[in-house]
Amino acid sequence: MVAREIEKAQSTYNQACLMRENGYWDAAANRLYYAVFHATSALLIKDSYPVKTHHGAGMLFRQYYVKTNILPESFSDTFSLLQALREKSDYNCSFDATQGLINPLFAPTHQLIDTIAKMVTQQK
């Protein structure tokens, strides 16, 4: 399941890149969030923490990996920001994600996914 979550994170990130190329910024926000969600889910599953909700996954990620200084605060910030943008993009008809808002989130998302992918493939 861990490997599948990482594959899903990477695939979903690639989908976000396609959305960026075509100027679909709401869809890019959605795909970036889900890429991060799948990566963090892989880490939580690897360490036997139950992933039941999106909000819960973010809280567990922050509690067990960021607050303990295993991962940087910026990763939690990226997760939270993407979650908020995804919710606005998906559910708020008066909100439109823009290139200026979404484009800067690609690099930190990619870094988070790569870091977690390395963590989950390391032997204990």
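Read on for a plain summary of the structure. Since the model is a prediction, treat every value here as computed from it, not as a measurement.

Overview of the packing of helix H1 (residues 2-21) against helix H6 (residues 106-121)
Between H1 and H6, whose axes approach to 11 Å, the crossing angle comes to 165°. In terms of orientation, H1 lies roughly antiparallel with respect to H6. The two elements H1 and H6 cross, and the hand of that crossing is left-handed. Residues Val2, Ile6, Ala9, Gln10, Tyr13, Ala16, Cys17 and Arg20 of H1 form the contact with H6, whose own contacting residues are Phe106, Thr109, His110, Ile113, Ile116, Ala117 and Val120. Residue composition of the contact of H1 with H6, grouped by class: eleven nonpolar, three polar and one charged.

Examining the pattern of salt bridges
Evaluated as defined, the whole model comprises four salt bridges. A salt bridge links lysine 46 to aspartate 47; the shortest N-O distance between them is 3.3 Å. Overall, the relative accessible area of 26% leaves lysine 46 in the partly exposed class. With relative accessibility at 22%, the residue aspartate 47 sits in the partly exposed group. The closest approach of N and O atoms between glutamate 73 and arginine 62, which form a salt bridge, is 2.7 Å. One end of the pair, glutamate 73, is in helix H4 (residues 73-91); the other, arginine 62, is in helix H3 (residues 54-66), with eleven residues separating them in the sequence. Residue classification places glutamate 73 among the partly exposed positions, given a relative accessible area of 38%. Judged by its relative accessible area of 26%, arginine 62 falls in the partly exposed class.

Description of the packing of aromatic side chains
All chains considered together, the criterion is met by nine aromatic pairs. Ring pairing ties together the aromatic residues Tyr33, Tyr34, Phe37, Tyr49, Phe61, Tyr64, Tyr65 and Phe79, which thus form one cluster.

Comments concerning the nonpolar core
Counting residues in each nonpolar core, the largest one holds 40 residues, and the members touching the most others are Leu32, Leu43, Phe61, Leu71, Ile102, Phe106 and Ile116. When residues of this core are traced back to their parent elements, those giving at least two are H1, helix H2 (25-46), H3, H4 and H6. Counting residues per element, this core draws most heavily on H2, which supplies 13 residues. In contact with leucine 43, not counting residues within four places along its chain, are Phe61, Tyr65, Leu71, Ile116, Met119 and Val120.

What counts and how
Residues numbered from 1 in each chain as written. Predicted model: local features only at pLDDT ≥ 70, side-chain atom pairs only at ≥ 80, totals over all residues. Heavy atoms only, no water. Axes fitted to C-alpha atoms, helices over the stretch in contact; angles between N-to-C directions. Helix = DSSP H or I, 4+ residues; strand = E, 2+ residues; numbered from the N terminus. Parallel < 35°, antiparallel > 145°, perpendicular 65-115°, else oblique. Left-handed = near helix turned anticlockwise from the far one by under 90°. Contact = heavy atoms within 4.5 Å. Nonpolar A, V, L, I, M, F, W, Y, C, P; charged D, E, K, R; others polar. Salt bridge = Lys/Arg side-chain N within 4 Å of Asp/Glu carboxyl O. Buried < 20%, exposed > 50% of the residue type's maximum accessible area, 1.4 Å probe, protein only. Phe/Tyr/Trp six-rings, centres within 6.5 Å; stacked < 30°, edge-to-face > 60°. Core = buried A, V, L, I, M, F, W, Y, C linked by side-chain atoms within 4.5 Å.

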